[in-house]
Each structure stands twice: as structure tokens, then as C-alpha cells.
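The residues making up each chain are set out below.
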Amino acid sequence: MTARIPAKRPPIMFVSPPKYVQGPGIIDDMHEYIGDLGTRVTLICDSFVWNNFGARVTKSCNAGGIELNRFEFSGQASIGQVEKALASAQQADSNVIIGMGGGKACDVAKAVGARMRCKWVTLATIASTDAPTSSLSVLYKDNGDFHSYELHGKNPDLVLVDTEAVARAPARFLASGMADAVATKFESAMCAIAGSHTILGARPSSAGLALGALAWDNCRKYGLSALKAVEAHAVTPAVELIVETNTFHSGVGFESGGFSGAHSVHNGITHLTESHVAMHGEIVNFGILVQLTLEGRADADLDEFIEFSLPLGLPVTLEQIGLAGLTEDKLRIVSEAATAPGESIHWMPFKVDADMVAGAIIGTDAYVREYLKSRNNLSAPFRPQIR
Ligand SMILES: [Zn+2]
């Protein structure tokens, strides 16, 4: 019998880093993994990270016979920083670029490595985003405005995550990373239902979708105990699991499973400088609730997500992301930016316009405030940016 071959359409694609290594004190052993890739390293990290870990990095590199050139990163993943780091790495004739610290240092290292066509590595000391795993750099102008997404066509050659460092950092980073991770479940599900494509221009793979679902499962089951352990600067199996979830499941899940509404709402909200008191994942957390509202979900689904968020200190209202008393004009800026051409919100299974997003933002905030009042819960405490 003749096989029924469907009309040509985008392929299914799954991408990931070739090696992911996570553990307490991995910084001390980094030479064992990096030595396979090259022996002339440019390390991109800010002064805070260097002051905390520089001596251990130097010791490990010396043990592995690795030449170390350090580029002092300003903290902003800007085009200017990429150019300066590139010049430094070229002068040192480096064959491995390492981004160490959080997502922004990783994004600069990926962009420099891609320009040099050499190996690049991420060494994460916090678990607040999935940037260490992805093949994407989010780059800004030197004044802090968004510049571009750079897709590098490959993931880092090696991802290292030091869970002891993660447990030493403020627990808020871990909570923010959990929000970014669970967004993968909600966003990829919509992307798949819509038959949309991922950031790779491919159809979502079931492995990517499964990692998104696993992220939600892990954060619900182990998120709070992991957070409490990190508040006490302890590394437990739950911490290890959540760090892997935030960094690996989230990164691979969104690239190979897709994303859609919540991150577009985030992108819209970040146009208002008042929101810059909140971290990436914290704004995404509110974006997930807005996406659920747009989907027309039942109150019980919203309640479930609110109940997940509160013990983790994740924001669920506009006020908690710095947007108390949002004016009509500012709401318009957010909703138009969230639905600008190219935004992933257009990968939802139905057409979404600015009016729908504006309504969902206001409706979500009103519902959550009422929910908190009825529970006599004065909402999660609002915490200023730590660093
Ligand atoms: Zn994200």
C-alpha cells in the first residue's frame, strides 16, 4: 500500500548542549571538563563573581595547564560589551570562551564565542534563568534598551552549574528561575496545540514538551523545599533537582518545545522602567497568569497557579512587579509591545491583539487581588532587587 505522505511542513527538531555537568563545588573541577575543549580561555564575569570565585577559578585553571584571560564584564549584556570582550579574547588568542555568573554573562560569552567560531562554555553560579543552556543571546543597547535576539545555531559546548554557589546566592534567584521554568510548560503546550513553530523554526518535539511538563511537576513537588534549603544555604536533593529544572529542563524545553504568551507579556511589561525592580522570571510569572486568562481558563486553574506562586514569593499582581496604579497610556504601551510583529504571543492557537492583552492584564490583576482579599492573604511580600 502507498504510504500517505503529508504535505511538506517544518521538521520536528530537538537541540541541546552536548554536555551538562552540575554539582556542588564544580568550580574547583572545571579544568577537568574544559581541558577537552581547549587550553586558552577567556573568562567573562563581573567583579562580584570574580571576587567570590576568582581564586578557585585560577587554581583550577592552573591545575589543568589552562591559560586564563579574564574580561571584566560590566553586568549588562550589551553589544558594546560583546565587542570589548571579543577584542580581549582575540588579543589573548583564546580558543574557549566562558561566561560565568548569571544569564547576562552567559549571553555575552555565547555571542563572543559565535563570532570567534571557537568553543564556548557557560558556568552558572545562580539558577535564575535558562540562559546557560540555550543557543540564544538576548542583547541590549548600551543604554539598556532591548537590541536583539541572536540565534547562534548551536548550544554551549559545555554547561557547568555549581550548586554550592547557587545555594550561597539569594534564594530569590532560585524562585525567579522556577517561574521561568514552569512558563515552559504553559507556553509550549499552547505552541504545540496551535501547530506553531519553536524559536528554531521547527515544530515542537515531544521531548521538548515533556521537559516543559516535567519542569512544572518538579517545581510543584520540590520547589518550596528547595527554596527553603537555599534560604538556609544548604544543598539538598531538592535543590539539585530544581537547579537542573531551572537551567536544563527549562532551556531545552523552551527551545525544542516552544514558547508563546507569557514571555510576550513579559516583553511588553519591561517597556515600563518601573517594572525593572522585578527579575525576568518574576515578570514572566505574572505573564503566565495573564496567558491563562487569555486562554479562558477556569478560576480553579488560576487559583492553582496563585497557590503555587505565593509560598515561593513569586509576584501575582501588578503591584508586586512595580506597576501599582497602571495608567491607560502605560497599559497601551505594554499591550502593543506584547503583540508587536514577531512576538511569540502570535504562536498561541488563536489570534491575540493588544486589546485582548490589555483586558487580560487588568482582569487578571483584579481577580488575583480579590482572591488574596478573600483568603485574607495580604499577598507575597514585595522585595526590592537584590543585586
Ligand atoms: Zn525566560
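Now for a quick tour of the structure. Computed from a predicted structure; not experimentally measured.

## Section: the packing of helix H9 (residues 261–269) against helix H12 (residues 328–338)
Contact pair H9 / H12: the axes reach a minimum separation of 7 Å and the direction vectors enclose 135°. Considered as vectors, H9 and H12 are oriented oblique to each other. Note on packing geometry: the crossing formed by H9 with H12 is right-handed. Only Val334, Ala337 and Ala338 of H12 make contact with H9, whose side of the interface consists of Ser264, Val265, Gly268 and Ile269. Along the lines of polarity and charge, the residues of the contact of H9 with H12 split into 5 nonpolar, 2 polar and no charged.

## A look at the pattern of salt bridges
What the rule picks out here adds up to 22 salt bridges. With a closest N to O distance of 2.9 Å, aspartate 28 and arginine 56 form a salt bridge. Of this pair, aspartate 28 sits in the loop between strand E1 (20–23) and helix H1 (30–34) while arginine 56 sits in helix H2 (residues 47–63); the two residues are 28 residues apart in sequence, bridging distant segments of the chain. Residue arginine 375 pairs with glutamate 307 through a salt bridge whose shortest N-O separation is 3.0 Å. Taken together, the residues arginine 375 in the segment after helix H13 (354–374) and glutamate 307 in helix H11 (residues 299–309) connect sequence positions 68 residues apart.

## Side note on the environment of histidine 280
With respect to the helices and strands, the residue histidine 280 is situated in helix H10 (residues 280–294). Judged by relative accessible area, histidine 280 falls into the partly exposed class, the value being 27%. Measuring from C-alpha to C-alpha, the distance between histidine 280 and aspartate 180 comes to 7.7 Å, with 100 residues separating the pair along the chain. Leave out the neighbours within four places in its chain, and histidine 280 touches Thr129, Ser176, Asp180, His263 and His266. A polar side-chain atom of histidine 280 sits 3.1 Å from a polar atom in the side chain of histidine 266.

## Some thoughts on the packing of aromatic side chains
On inspection of all chains with the given rule, the structure shows 9 aromatic pairs. Ring geometry for phenylalanine 254 against phenylalanine 259: centres 5.3 Å apart, planes inclined by 75°, an arrangement best described as edge-to-face. By relative accessible area, phenylalanine 254 is classed as buried at 9%. Overall, the relative accessible area of 12% leaves phenylalanine 259 in the buried class. With centroids separated by 5.6 Å and ring planes inclined at 40°, the aromatic side chains of phenylalanine 305 and phenylalanine 308 adopt a geometry described as tilted. Separated by 3 residues within a single helix, phenylalanine 305 and phenylalanine 308 lie in helix H11, roughly one turn from each other. Cluster of aromatic residues (ring-pair linked, three or more members): Phe186, Trp216, Phe305 and Phe308.

Calculation criteria
Residues numbered from 1 in each chain as written. Predicted model: local features only at pLDDT ≥ 70, side-chain atom pairs only at ≥ 80, totals over all residues. Heavy atoms only, no water. Axes fitted to C-alpha atoms, helices over the stretch in contact; angles between N-to-C directions. Helix = DSSP H or I, 4+ residues; strand = E, 2+ residues; numbered from the N terminus. Parallel < 35°, antiparallel > 145°, perpendicular 65-115°, else oblique. Left-handed = near helix turned anticlockwise from the far one by under 90°. Contact = heavy atoms within 4.5 Å. Nonpolar A, V, L, I, M, F, W, Y, C, P; charged D, E, K, R; others polar. Salt bridge = Lys/Arg side-chain N within 4 Å of Asp/Glu carboxyl O. Buried < 20%, exposed > 50% of the residue type's maximum accessible area, 1.4 Å probe, protein only. Polar contact = N/O pair within 3.5 Å; in protein donor to acceptor, adjacent residues only side chain to side chain. Phe/Tyr/Trp six-rings, centres within 6.5 Å; stacked < 30°, edge-to-face > 60°.

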